[in-house]
Amino acid sequence: MAIEHVDVLIVGAGLSGIGAAFHLKKNCPNKSFALLESRKALGGTWDLFRYPGIRSDSDMYTLGFSFKPWEHPKAIADGPSILAYLQETARENGIDKSIRYQHQVKTAAWDSTTARWTLGIEVGNDETGKAPARVQLSCNFLFMCSGYYAYAQGYTPEFPGIGEFSGKLVHPQKWTPDVDYAGKKVVVIGSGATAVTLIPELAKQAAQVTMLQRSPTYVVARPSEDEWANRLRKWLPPMLAYDLTRWKRVLLGMYVFRLCRTDPAKMKRLLLGGVRMALGPGYDIKTHFTPRYNPWEQRLCLVPDGDFFQSIKSGRAQVVTAQIERFNAKGILLTSGQQLDADLVVTATGLNLQVLGGMQITVDGVVQDMSKTMNYKGLMFSGIPNLASSSGYTNASWTLKCDLTCQYVCRLINYMDKKGLASCVPRNNDASVEERPWVDFSSGYFARAMHLFPKQGSKMPWRLYQNYPKDIMLLRYGKVDDGILQFA
């Protein structure tokens, strides 16, 4: 039986995949495509995570799509609002009709003789006890939009004695509506964006909430609404107001990031000064809010309207900075000897990362080790033909880079059509290009998985600058046939 074939297969129906489908429909209207989603619904991160207070830590003027204005008053939006925005975008553009749900790609095999990918896909799931069906699809171009973390489970360290705990233990990635925290003693392990988001929401109903952290993170308060943006929308067409706000946010973010890199001591003083102003001069800022690293070596934690600080000042929440000795029946024993009793422990301890959705890649029968490849322009991989992957910035909003990636992929496909070309593959023939880690970031979830990921190079087009204007020049206006991308 013949395998169903489409021109382009998009894997993942979250922010990246919906954006990819829009750009493909707009810029390559003659191309057939399908969008494969392993889950039962679109939205990716914004459908998966259901923990209390779930929200973006990026403003929606830069996390939103370049082609669809964000018109809600709140710039820092909650998860349900972001999911509704994605659903509306898919529906308005007919993208929802192209999504095939519960299609999990397990393998992708490239055949140079046919210039095609053949994907091995599991359809359905084992919730009913039945094994998923196995199907194949083929395509000329494979566009991976599945993000870089595993949806199956988050990361929880192997804490000693964890099996002795008599209360409930939950990772935010697995939060369900039946998790009861009203009137309970809750300990949230972690100091990242998820913990900072959870604390103020849990504190509204819990008897006591403790954020237990091994070491502090930089935390910064910002208004949840952008008054300038809300004012512009009253006077200007929606798209113009959105574009102006988007660029204001981009430039401000670049300025802050540059200041963190060029004068970290000054930025550290500013950030800690903001915390001191929020919590008062008597609070122990040095112990609980002064990290061991410089600003933007890990992501800054955003606190909209200072809600996290307010929950601490009110006494409904507290921060404990200490090491865990072990779990016991009542809660957690710290190395200091202090006991934290808990009815509920939330392990906001990070994510598990994976490359290209965890699927196996083969090229002409040879299994590819992606850690041995080098990232080309932040979206393709040396030695891997007709495949691009959409991922965002670590120092700015995810969608900024994804939009540019989608535009470039469409340019590339149209260029190949115009020239009558069947395949393209990046090849590094420059011996002077040195290998470097995929990202220059010290967060734990990156550090744990860096050995699995492709490398970046020491110079363009193998280097990732994490710079939006530079990427505009490279991806939107740079040459497609640059001598490094090899065509056949």
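Scroll up a little and you will see the structure.
Our subject in this report is the structure included herewith. (Residues numbered from 1 in each chain as written. Predicted model: local features only at pLDDT ≥ 70, side-chain atom pairs only at ≥ 80, totals over all residues. Heavy atoms only, no water.)

1. Observations concerning a nonpolar patch on the surface
So, step 1. A contiguous nonpolar surface patch, about 260 Å² in accessible area, is contributed by Trp-228, Leu-240 and Leu-244.
So, step 2. Among the structural elements, Leu-244 can be located in helix H7 (residues 238-262). (Patch = residues over 30% accessible without salt bridge, like charges linked within 9 Å, V, L, I, M, F, W, Y side chains within 5 Å. Areas by Shrake-Rupley, 256 points an atom, 1.4 Å probe, with all protein chains shown as cover. Salt bridge = Lys/Arg side-chain N within 4 Å of Asp/Glu carboxyl O. Helix = DSSP H or I, 4+ residues; strand = E, 2+ residues; numbered from the N terminus.)

2. Observations concerning helix H5 (residues 193-202)
So, step 1. Judged by how many residues are buried, H5 sits mostly within the fold: 7 of 10 residues are covered.
So, step 2. Among the residues of H5, Ala-195, Val-196, Thr-197, Leu-198, Ile-199, Pro-200 and Leu-202 are the ones counted as buried. (Buried < 20%, exposed > 50% of the residue type's maximum accessible area, 1.4 Å probe, protein only.)

3. As for the sheet that holds strand E13 (residues 324-327)
So, step 1. In space, the 3 strands of this open sheet follow the order E13-E14-E15, with antiparallel pairing throughout. Every other strand in the sheet has two partners, leaving E13 and strand E15 (339-341) as the edge strands with one partner each. Averaged over neighbouring strand pairs, the angle between their axes works out to 20° when direction is ignored. (Pairing = 2+ DSSP bridges. Axes fitted to C-alpha atoms, helices over the stretch in contact; angles between N-to-C directions.)

4. What about the nonpolar core?
So, step 1. Ranked by internal contacts, the top residues of the largest apolar core, which has 141 residues, are Leu-142 and Phe-308.
So, step 2. Look past the residues within four positions of Leu-142 in its chain and what remains in contact with it is Leu-9, Val-11, Ala-108, Trp-117, Leu-119, Met-359, Asn-386, Leu-387 and Ala-388.
So, step 3. Among the nonpolar cores identified, the runner-up in size contains 14 residues, and Leu-212, Val-320, Ala-342 and Val-345 belong to it. (Core = buried A, V, L, I, M, F, W, Y, C linked by side-chain atoms within 4.5 Å. Contact = heavy atoms within 4.5 Å.)

5. A word on helix H4 (residues 79-92)
So, step 1. Along its 14 residues, H4 runs 20 Å from first to last C-alpha, staying within 8% of the 20 Å computed at 1.5 Å per residue.
So, step 2. Among the residues of H4, those classed as buried are Gly-79, Ile-82, Leu-83, Tyr-85, Leu-86, Thr-89 and Ala-90. Buried residues of H4, viewed axially, fall in a sector of 155°; they line one side. Looking at H4, the residues exposed on the side facing more than 90 degrees away from the buried face are Pro-80 and Glu-92.
So, step 3. With a side-chain oxygen positioned 2.9 Å from the backbone nitrogen of Ser-81, the residue opening H4 is Asp-78. (Expected span 1.5 Å × (residues − 1). Arc of directions from axis to C-beta. Polar contact = N/O pair within 3.5 Å; in protein donor to acceptor, adjacent residues only side chain to side chain.)

6. Some thoughts on the pattern of salt bridges
So, step 1. Within the structure shown, the criterion is met by 18 salt bridges.
So, step 2. For Arg-100, the salt bridge goes to Glu-4, with nearest N and O atoms at 2.7 Å. On the criterion of sequence distance, the pair formed by Arg-100 in strand E3 (residues 99-100) and Glu-4 in strand E1 (residues 4-11) is long-range, its members being 96 residues apart.
So, step 3. A relative accessible area of 38% places Glu-4 in the partly exposed class.
So, step 4. In this structure, the salt-bridge partner of Arg-249 is Asp-226, at a minimum N-O distance of 3.1 Å. Pair noted here: Arg-249 is in helix H7 and Asp-226 is in the loop between strand E10 (219-222) and helix H6 (227-235), with a separation of 23 residues, a long-range link. When sorted by exposure, Arg-249 lands in the same class as Asp-226, which is buried.
So, step 5. Several salt bridges converge on common partners, so that one network encompasses Arg-39, Asp-47 and Arg-50.

7. Some thoughts on the packing of aromatic side chains
So, step 1. In total, this model carries 22 aromatic pairs according to the counting rule given.
So, step 2. Between Phe-308 and Phe-309, the ring centres sit 5.8 Å apart and the planes meet at 55°, which makes this aromatic pair tilted.
So, step 3. With a relative accessible area of 3%, Phe-309 lands in the buried category.
So, step 4. Each residue in the set Phe-22, Phe-65, Phe-67, Trp-70 and Tyr-85 is aromatic and connected to the rest through ring pairs, giving one cluster.
So, step 5. The ring of Tyr-465 is capped by Lys-470, whose NZ or CZ atom sits 4.2 Å from the centre of that ring. (Phe/Tyr/Trp six-rings, centres within 6.5 Å; stacked < 30°, edge-to-face > 60°. Lys NZ or Arg CZ within 6 Å of the ring centre and 35° of its normal.)

8. A word on the packing of H7 against helix H13 (residues 468-477)
So, step 1. Where H7 contacts H13, the axes come no closer than 10 Å and their chain directions differ by 115°. Along its contact with H7, which presents Arg-246, Trp-247, Val-250 and Met-254, the element H13 presents Tyr-468, Pro-469 and Ile-472.
So, step 2. In terms of residue class, the contact of H7 with H13 is made up of 6 nonpolar, no polar and 1 charged. (Nonpolar A, V, L, I, M, F, W, Y, C, P; charged D, E, K, R; others polar.)

9. Let's talk about unusual backbone geometry
Negative phi is the rule for most residues except glycine; trans is the rule for most peptide bonds.
So, step 1. Across the junction of Met-460 and Pro-461, the peptide omega takes the value 0°, indicating a cis bond.
So, step 2. Even without being glycine, Gln-466 reaches a positive phi, approximately 50°.
So, step 3. Residue placement: Gln-466 occurs in the loop between strand E24 (456-457) and H13.

10. Here's the deal with a positive patch on the surface
So, step 1. Together, Arg-258, Arg-436, Arg-463 and Lys-470 make up a region of like positive charge exposed at the surface.
So, step 2. Checked against the element boundaries, Arg-436 lands in strand E23 (residues 435-436).
So, step 3. Residue class for Arg-436 comes out partly exposed when judged on its relative accessible area of 36%. (Lys, Arg positive; Asp, Glu negative; His and termini not counted. Charge placed at Lys NZ, Arg CZ, Asp CG, Glu CD.)

11. A word on the side chain of Ser-382
So, step 1. With respect to the helices, strands and loops of the structure, Ser-382 is situated in the loop between strand E20 (380-381) and strand E21 (387-389).
So, step 2. When its relative accessible area of 17% is taken as the criterion, Ser-382 is described as buried.
So, step 3. Polar side-chain contacts of Ser-382 include one of 2.8 Å to the backbone nitrogen of Met-374.
So, step 4. When neighbours within four sequence positions are excluded, Ser-382 is seen to be in contact with Thr-373, Met-374, Pro-426 and Trp-462.

12. Examining the environment of Phe-453
So, step 1. Residue position: Phe-453 is located in the loop between helix H12 (444-449) and E24.
So, step 2. The sequence separation of Phe-453 and Ala-388 amounts to 65 residues, and the corresponding C-alpha distance is 15 Å.
So, step 3. With sequence-adjacent residues up to four places away left out, Phe-453 is seen in contact with Tyr-148, Leu-353, Gln-354, Val-355, Met-370, Ser-371 and Trp-438.

13. With respect to the pairing of strand E5 (residues 116-123)
In regular strands, side chains alternate between the two faces of the sheet.
So, step 1. Where strand E4 (residues 103-111) meets E5, 8 bridges bridge the pair, whose relative direction is antiparallel. Bridging from a neighbouring strand, His-103 pairs with Val-123 of E5.
So, step 2. Here E4 folds back onto E5, and the loop between the two strands holds 4 residues, one of which, Ala-115, carries a positive phi near 55°.
So, step 3. Sheet analysis places E5 next to strand E6 (residues 133-144), joined by 7 bridges and oriented antiparallel. Considered in E6, the bridge of Val-123 is made with Ala-133.

Don't take any of this as a statement about function, it's just geometry.
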